[in-house]
Every structure is written in C-alpha cells, then in structure tokens.
Amino acid sequence: MGVGAERTTGEVDPASDFDLLYEQFRLQVYRSVRGIVLEAAAAEDLTQETFERAYKARHDFRAGASPGAWLHRIAVNLAISYLRRQRVARLVLPRLYVPHHTPHEQIEDRTLAVRALAALNPKHRAVVVLSFYARLTREEISRILKVPPGTVASRQSSAMEIMRKALADPADQRKQEGS
Amino acid sequence: MQQSPFADERHDQEEEELWTDLISSEMDRWHPRRLPTDFRPEGRIQRFNRRWLLLIMLALLLATLAIALSTGLPRSLASDLIDLARLAQPPPVPM
C-alpha cells in the first residue's frame, strides 16, 4: 500500500504523535528507500536516520501537509546522498569499498521488479518508487526532488522505457533484430 | 492510419498501472530485519544511557567507600598524607 492510500485513513501530526507516525510509515519508508538504494541493510540504516531527522524537525512540520510526503522527502534525499557517497567511494577508493549487500541478496532479490529498478539511475529510480510505490502525485514528487513537474513526467516516461528494455527477453530481442 | 491521442494516453495509463502492480507487489514483500518496531530516537537513548551511567558511577563510589571503611584504609591513608606533608616541609633553619 502506498502513501497516497494511507492518506485517506487520517493524518498523523508528527509533532504530537511521532510514535504513531513511525508505526504507520516505518515499512513504507523502508521499502521506498530500499527501492532506491537496492540494498536491504543500507535501507534499514537510512530509514532509521530518516526518522531521527524527522523527529528532530517534527516541530517544523506544517499542519495540513502530508506526513508521508514529508517523510519521503527526507528519505529520498538521504538515499540519493548515500548512493552518491557510494559512487565516490567506488571511484576514489576501489580497494577499500565494501558493498553493503551480500552475494546471497544479490542472487535472491533479482526479481523482475528489482531487475527493472536496477537498470535505472538513482534519480529515475526515485521517480519510479515515489510514483508507482508511494503513489505520490506529480506535484508532490516535484517538490520532493526539487524539479519541475514536467521533469518528473519526462523522467517517469524515460524510466518506463528503460525498464521495458531491461525486462525484454534478450532471446526475443535477437530474433527481432535477425528478422 | 493515425492513432488518436486518447488511445496513447490510455496506453500510457495502462502501462503505469502494470508497473505499479509489478513494483508494489514486489516491494510489499520487503520486510526489515533489524529496524525496531517502536521508535527510539537517538536523544531518548542518550538520556537513558546518561541516567544509567550516573547510577552506575554512584554505586561504584558507594562500594569503594564501603570497602575503604571496612578495611581501615582511611586511617592509613590519612597517616600517609601526614607523613608526606612532613617530608614536603622545609627543614628548620639553624639559628
């Protein structure tokens, strides 16, 4: 269930009832973060960090805003920063770089959805997760990612194309190319 | 034959629904292993730890005092300090 669906069941005020907010959004935030970083252990750490940051900033939350979108803004920024740090670590310190995920995870989790998500860059992945999983509106996604709604739409459209290609059977592709 | 823009829009919508189903059904199966079910902010943990640290230090201090009193250590410690003070004093200058 996405954040959009959750919104109809009533809003939680982070300032007055943070424990309930955590209970309600813990899994959604974890899954969204994992959808972006594609590493289970890192996603748990980043989810914990998301809620810690949200707790510190809970009095800044604007009444009437969507708590789900607010949490996702913090989570997505943390996830993208994490991937950026990982990329720098891979480039600068290739010998010291240790990925968070285990080989078991790499093999087990390569389902269709993960294969499709893995084909995308982090920015496209964030749009896909926020749109298809968290079910946020284009305007909410544009505010989270600080890009115009048109950019969100074009990223979503190109992400779908990349995912479609990633899931296409290579054997079928070869047949089509041959004919 | 040219396709109507409405047909394109419908096709896009259908594709979005397919991706939503595929991605959501997969992601809904993801469950964290270590993430606590109750929120424990860092601040709360630190306050809790600090309180425990104070209690432990107090208990250690009391235990040390109890041992010192039962073994008569304060008396010997006091006499040692007096001896040290005497040694530190400059010798009397002969008149």
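An account of the accompanying structure is given in this report.

**Observations regarding the interface of chain B and chain A**
Put simply, an interface is often sized by how much accessible area is lost when its parts join up.
Next up, step 1: If you look at the interface, chain B gives 25 residues, while chain A gives 37 residues.
Next up, step 2: A combined buried area of about 3000 Å² lies between chain B and chain A, and 60% of that area is made up of carbon and sulfur atoms.
Next up, step 3: Across the chain B-chain A interface, the total number found is four salt bridges.
Next up, step 4: A salt bridge links Asp 45 of chain A to Arg 34 of chain B; the nearest nitrogen and oxygen atoms lie 3.2 Å apart.
Next up, step 5: Taken together, chain B and chain A are joined by 17 residue pairs in polar contact (both at pLDDT 80 or more).
Next up, step 6: Of all elements in the fold, only α1 (5-27) and α2 (42-71) of chain B reach the threshold of two or more residues within the side of chain B that touches chain A.
Next up, step 7: Take the side of chain B that touches chain A: its biggest share by element is nine residues, from α1 of chain B.
Next up, step 8: Class assignment of the residues belonging to the side of chain B that touches chain A gives a composition of ten nonpolar, four polar and eleven charged.

**Looking at the pattern of salt bridges**
Working definition: two side chains of opposite charge can pair if their charged atoms are close together.
Next up, step 1: Summed over all chains, the structure comprises seven salt bridges over all chains.
Next up, step 2: For Glu 49 of chain A, the salt bridge is made with Arg 53 of chain A, and the minimal N-O distance between the two is 3.2 Å. Here the residue Glu 49 of chain A and the residue Arg 53 of chain A both occupy positions in helix α3 (residues 40-56), the gap between them amounting to four residues, near one helical turn.
Next up, step 3: Among the residues examined, Glu 49 of chain A registers a relative accessible area of 29% and is labelled partly exposed.
Next up, step 4: Residue classification places Arg 53 of chain A among the partly exposed positions, given a relative accessible area of 45%.
Next up, step 5: Across the pair Glu 15 of chain B and Arg 164 of chain A runs a salt bridge whose closest N-O atoms are separated by 2.9 Å. Taken as a pair, Glu 15 of chain B in helix α1 and Arg 164 of chain A in helix α9 (residues 149-167) lie in two separate chains rather than in one.
Next up, step 6: Look at Glu 15 of chain B and you get buried, because its relative accessible area is 9%.

**Quick look at the nonpolar core**
Next up, step 1: Among the nonpolar cores identified, the biggest contains 57 residues, and Val 37 and Leu 145 of chain A together with Ile 23 of chain B are the most heavily contacted of them.
Next up, step 2: At the level of secondary structure, the elements contributing two or more residues to this core comprise α2 (18-37), α3, α4 (67-92), α6 (112-118), α7 (122-133), α8 (138-145) and α9 of chain A together with α1 of chain B.
Next up, step 3: At eleven residues, α4 of chain A tops the list of elements feeding residues into this core.
Next up, step 4: Apart from the residues lying within four places of it in its own chain, the contact partners of Ile 23 of chain B are Ala 113, Leu 117, Val 128, Phe 132, Tyr 133 and Met 163 of chain A.

**Examining the packing of aromatic side chains**
Next up, step 1: By the definition in use, this model includes eight aromatic pairs over all chains.
Next up, step 2: Three or more aromatic residues joined by ring pairs make a cluster, and in this case those are Phe 18, Tyr 22, Phe 51 and Tyr 55 of chain A together with Phe 39 of chain B.
Next up, step 3: Positioned above the aromatic ring of Trp 30 of chain B is the side chain of Arg 34 of chain A, whose terminal nitrogen or guanidinium carbon lies 4.4 Å from the ring centre.
Next up, step 4: In this arrangement the basic side chain of Arg 58 of chain A is found over the ring face of Tyr 55 of chain A, its NZ or CZ atom lying 3.9 Å from the centre.

**Observations concerning the packing of α3 of chain A against α4 of chain A**
All names here are of chain A.
Next up, step 1: One way to put it is that α3 packs onto α4 with a least axis distance of 9 Å and a crossing angle of 135 degrees. It follows from the interaxial angle that α3 and α4 lie oblique. Handedness of the α3/α4 crossing: right-handed. Side by side, α3 and α4 meet where Ala 42, Leu 46, Glu 49, Thr 50, Phe 51, Arg 53 and Ala 54 of the first sit next to Trp 70, Leu 71, Ile 74, Ala 75, Leu 78, Ala 79 and Tyr 82 of the second.

How each quantity is defined
- Residues numbered from 1 in each chain as written.
- Chains lettered and ligands numbered in written order.
- Predicted model: local features only at pLDDT ≥ 70, side-chain atom pairs only at ≥ 80, totals over all residues.
- Heavy atoms only, no water.
- Contact = heavy atoms within 4.5 Å.
- Buried area = accessible area lost by both parts, 1.4 Å probe.
- Salt bridge = Lys/Arg side-chain N within 4 Å of Asp/Glu carboxyl O.
- Polar contact = N/O pair within 3.5 Å; in protein donor to acceptor, adjacent residues only side chain to side chain.
- Helix = DSSP H or I, 4+ residues; strand = E, 2+ residues; numbered from the N terminus.
- Nonpolar A, V, L, I, M, F, W, Y, C, P; charged D, E, K, R; others polar.
- Buried < 20%, exposed > 50% of the residue type's maximum accessible area, 1.4 Å probe, protein only.
- Core = buried A, V, L, I, M, F, W, Y, C linked by side-chain atoms within 4.5 Å.
- Phe/Tyr/Trp six-rings, centres within 6.5 Å; stacked < 30°, edge-to-face > 60°.
- Lys NZ or Arg CZ within 6 Å of the ring centre and 35° of its normal.
- Axes fitted to C-alpha atoms, helices over the stretch in contact; angles between N-to-C directions.
- Parallel < 35°, antiparallel > 145°, perpendicular 65-115°, else oblique.
- Left-handed = near helix turned anticlockwise from the far one by under 90°.

So, to be careful, I would describe these as geometric facts and stop short of saying anything about function.
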